[in-house]
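One letter stands for each residue in the lines below.
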Amino acid sequence: MIIGSKLFFFKNLPSTNAEAANLLKTNDLPEGSVIYTNYQSAGKGQVDNKWESEDGKNLLISIVLYPSMINPSDQFLISMAISLGVCDFTKRYVQDCSIKWPNDIYVKNDKIAGILIENSICGDKIKKTIAGIGLNINQQKFLGDAQNPVSLSLLTGLNFDLGICLSQLTSDLDRRYKQLISENFTQIRNEYISLLYRLDEWNDYCDKSGRYKGCIKTVSENGRLQIEKQSGEIVKYSFKEVEFIL
Ligand code: BTN
């Protein structure tokens, strides 16, 4: 086992990603170390958003990785493998799980998990990765301004043991990380693309030229989303260049 080989629990923290980065300044954490907490006072979401999570209700974890087999130009593979691992976990309990590009985990049209990957690149190598995951398990009410949060408990009507969920999640992530180590890149890419939210469906999107109907076709090797417009033109987007109209 790599992911989950060492667990570091804190009752509360500003952010598990920030704590992982702090610990790495003074310690050599083994690969796969998991930093987790019950509560974050400053949980980080994508692009300066805050991550909402009620005390003791959900999984808030950061994993330290040293993915030396990945070239910086292929770093989106890490995001794909982590997204697949979180999806594997959610599929244990619910159906209709998908990955909203780039790495939100959805059940039907609601977001059950968010992922924040922070890579440190040194020359032509990825020196370290901190993969942060917020996975909603037992929270019943979301008070922030997130559009469509959901939890396992809201979806199933059940209450879950967080310790069991953590060990299942780390084992699912470990399996996906081992696929990366074995350089099963094509399999990871194909599975990720097949699980994309709204793949091959016509829906509404908005980019800098306005709102339009489009159909998600694939994701490029460098992680850009490809959407076909009704004119037949394929447009490629980097993160935050396109909005999904929900
Ligand atoms: C998103 O905006 O969708 C990404 C959210 C990532 C949240 C997780 S919670 C654990 C880890 N620590 C953080 O501060 N953020 C990530």
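You'll find the structure just up there.
Every value quoted in this text rests on a predicted model; they were computed, and no experiment measured them.

Quick one: what's the story with the overall build of the protein chain, residue by residue and with numbers?
Along the protein chain, the regular secondary structure elements total five helices and 12 strands. Once the C-alpha set of the protein chain is aligned to its principal axes, its extents read approximately 55 × 45 × 30 Å. The buried share of the protein chain, reckoned over its 246 residues, is 52%. The long-range share in the protein chain, meaning contacts at least 24 apart out of those at least 6 apart in sequence, stands at 63%. For the protein chain, the exposed area adds up to about 11700 Å²; of that, 47% sits on carbon and sulfur atoms. The distance from the centre of the 28 positive side-chain charges to the centre of the 29 negative ones in the protein chain is 1 Å.

Can you lay out the pattern of salt bridges for me, pointing to particular residues and giving the numbers?
Taken as a whole and assessed by the stated rule, the structure comprises 15 salt bridges. Across the salt bridge formed by Arg175 and Asp88, the nearest N and O atoms sit 3.5 Å from each other. One end of the pair, Arg175, is in helix 4 (residues 162-181); the other, Asp88, is in helix 2 (residues 76-91), and 87 residues separate them in sequence. Arg175 sits in the partly exposed class, given a relative accessible area of 47%. A salt bridge links Asp104 to Lys111; its shortest N-O distance comes to 3.0 Å. Lys111 carries the same exposure label as Asp104, and that label is buried.

Each value, and the rule that gives it
- Residue numbers restart at each chain and count upward from 1, following the sequence in its written direction.
- pLDDT decides what is reported in this predicted model: residues at 70 or higher carry local features, side-chain atom pairs at 80 or more are listed and counted, and totals for whole chains, interfaces and linings draw on all residues regardless.
- Only hydrogens and water are removed before side-chain values are computed, so all heavy atoms of the structure are retained for them.
- Secondary structure elements are taken from DSSP: a helix is a run of H or I of four residues or more, a strand is a run of E of two residues or more, and numbering for both begins at the N terminus.
- Burial classes: relative accessible area under 20% of the type maximum marks a residue as buried, over 50% as exposed, and values in between as partly exposed (1.4 Å probe, protein chains only).
- What makes two residues a contact is simply this: any of their non-hydrogen atoms within 4.5 Å.
- Only the protein chains shown count as cover for residues, and the accessible areas themselves come from Shrake-Rupley with a 1.4 Å probe.
- His is not counted, nor are the chain ends; Lys and Arg add positive charge and Asp and Glu add negative charge.
- In plain terms, the charge of a residue is placed at NZ if it is Lys, CZ if Arg, CG if Asp and CD if Glu.
- Just to be clear on terms, a salt bridge is a Lys or Arg side-chain nitrogen sitting within 4 Å of an Asp or Glu carboxyl oxygen.

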